[in-house]
Amino acid sequence: MIRAFGIIAMLVFAGCESTRVANKPAASSELIVGMTRVQLQDCLGEPRKIEPATEWNRMEGTRYYTVDHPPIYQTITAEMQEVPYVDPITGEMHMLKEPLMDQQRIARVEQIKVVIRHNQVIEIDRQLNENRTFSR
């Protein structure tokens, strides 16, 4: 009885906690043509630059946004290294090439240009820039 209580106490006080993180899609993926200006602001927030609507640009206002996406880490082969290998049957030593794995960090920044006319989105232009770096 005491032994069972001790095992249960160890499991409770071990400090093993795990939490789930919701994998929420980026707000920029919710953009659609036909959204109102208020919906656009709720989705992306304040733009970094605004070109107001004028007679010259056919009463179309342009807004520019920058969205920083979370980085992605990817395991890739960084280089090949020669390692000694002894054949167990013949006893001869050979040099074999073995891959060295490394983490590559992919930082992504999305530039979005939104054209608004009569308080509705009429055009969305996206450009995704990726910067790949190694952690060496």
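Here goes a summary of the coordinates provided. As the structure is a prediction and not an experimental result, all values here were calculated from the model. (Residues numbered from 1 in each chain as written. Predicted model: local features only at pLDDT ≥ 70, side-chain atom pairs only at ≥ 80, totals over all residues. Heavy atoms only, no water.)

Turning to the overall build of the protein chain, a few remarks are in order. The number of helices and strands found in the protein chain is two helices and four strands. Listing every helix and strand of the protein chain by position from the N terminus yields α-α-β-β-β-β. Taking the intrachain contacts of the protein chain between residues at least 6 apart in sequence as the baseline, contacts between residues at least 24 apart amount to 56%. For the protein chain, the accessible area works out to roughly 11000 Å², and carbon and sulfur atoms hold 55% of it. (Helix = DSSP H or I, 4+ residues; strand = E, 2+ residues; numbered from the N terminus. Contact = heavy atoms within 4.5 Å. Areas by Shrake-Rupley, 256 points an atom, 1.4 Å probe, with all protein chains shown as cover.)

Another aspect to go through is the pairing of strand β2 (residues 60–86). Judged from the three bridges that link them, strand β1 (residues 49–51) and β2 form a sheet pairing that is antiparallel. Along β2, the bridge assignment pairs I50 with R63. Sheet topology note: the β2/strand β3 (residues 93–117) ladder contains 24 bridges and is antiparallel. Looking across to β3, one finds that Q81 is bridged to E98. Linking two consecutive strands that pair antiparallel, namely β2 and β3, is a turn of six residues; a positive phi of about 80° is found at G91 within it. (Pairing = 2+ DSSP bridges.)

Another aspect to go through is the side chain of E60. Residue position: E60 is located in strand β2. On the accessibility criterion, E60 (13% relative accessible area) is buried. (Buried < 20%, exposed > 50% of the residue type's maximum accessible area, 1.4 Å probe, protein only.)

This part covers the packing of aromatic side chains. Taken as a whole and judged by the stated rule, the model has zero aromatic pairs. We note K49 situated over the ring of Y64; from NZ or CZ to the ring centre the distance is 5.2 Å. (Phe/Tyr/Trp six-rings, centres within 6.5 Å; stacked < 30°, edge-to-face > 60°. Lys NZ or Arg CZ within 6 Å of the ring centre and 35° of its normal.)

Okay, the nonpolar core next. Membership of the largest hydrophobic core is limited to eleven residues, which are L31, M35, L40, C43, L44, Y65, V67, I112, V114, I116 and V121. Of all the secondary-structure elements, those providing two or more residues to this core are α2 (37–44), β2 and β3. (Core = buried A, V, L, I, M, F, W, Y, C linked by side-chain atoms within 4.5 Å.)

As a further point, take the environment of A78. On the secondary structure map, A78 appears in strand β2. We classify A78 as partly exposed; its relative accessible area is 33%. Considering only alpha carbons, one finds A78 and D102, 24 residues apart in sequence, at a separation of 5.7 Å.

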